[in-house]
Amino acid sequence: MYAIFKDGGHQHKAEVGRKMLVELREVEEGATLEFDEVLLVSDESGVTVGQPTVSGAKVVATVLGVAKGPKVVIRWFRRRKNSRRKNGHRQKYTLIEVTEIVKG
């Protein structure tokens, strides 16, 4: 069984027991998060597609902590000017583990 839910402009595929990164939130470790913007739910009886969301469906997850994403390196370069700059960025995310998918 899996579900596709929307969070912060991104769509995520959730399966029970899967760990994933979502948008950063000010929540403590061990807290439960509920995502109710579920776009699709698939189980052994078939696939339910929302119009635009599946009514009553939600994804329940436990917060494991804060994690950092991959490093992005930004470079500026102007040819023949001896002008170079290098900058980097590392986005912070909330690490969650999906505990339950409610079909609704």
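The shown structure was predicted, so the numbers you read here are calculated from the model rather than taken from an experiment. (Residues numbered from 1 in each chain as written. Predicted model: local features only at pLDDT ≥ 70, side-chain atom pairs only at ≥ 80, totals over all residues. Heavy atoms only, no water.)

**Q** Can you tell me about the sheet that holds strand E3 (residues 19-22), naming the residues and giving the values?
**A** Taken in spatial order, the four strands of this open sheet run E3-E8-E7-E4, and their pairing is antiparallel. One side of each edge strand has no neighbouring strand; the edge strands of this open sheet are E3 and strand E4 (32-35). The average angle at which neighbouring strand axes cross in this sheet is 50°, direction not considered. As paired strands, E4 and strand E7 (residues 58-78) are joined by four bridges and run antiparallel to one another. Looking at the pairing, Glu34 lines up with Val60 of E7. (Pairing = 2+ DSSP bridges. Helix = DSSP H or I, 4+ residues; strand = E, 2+ residues; numbered from the N terminus. Axes fitted to C-alpha atoms, helices over the stretch in contact; angles between N-to-C directions.)

**Q** Describe the pairing of E7, naming the residues involved and giving the relevant values.
**A** Looking at chain direction, E7 and strand E8 (residues 83-102) are connected through 18 bridges and run antiparallel. The residue bridging Ala67 from the neighbouring strand is Tyr93, located in E8.

Nothing here speaks to function; it is geometry throughout.
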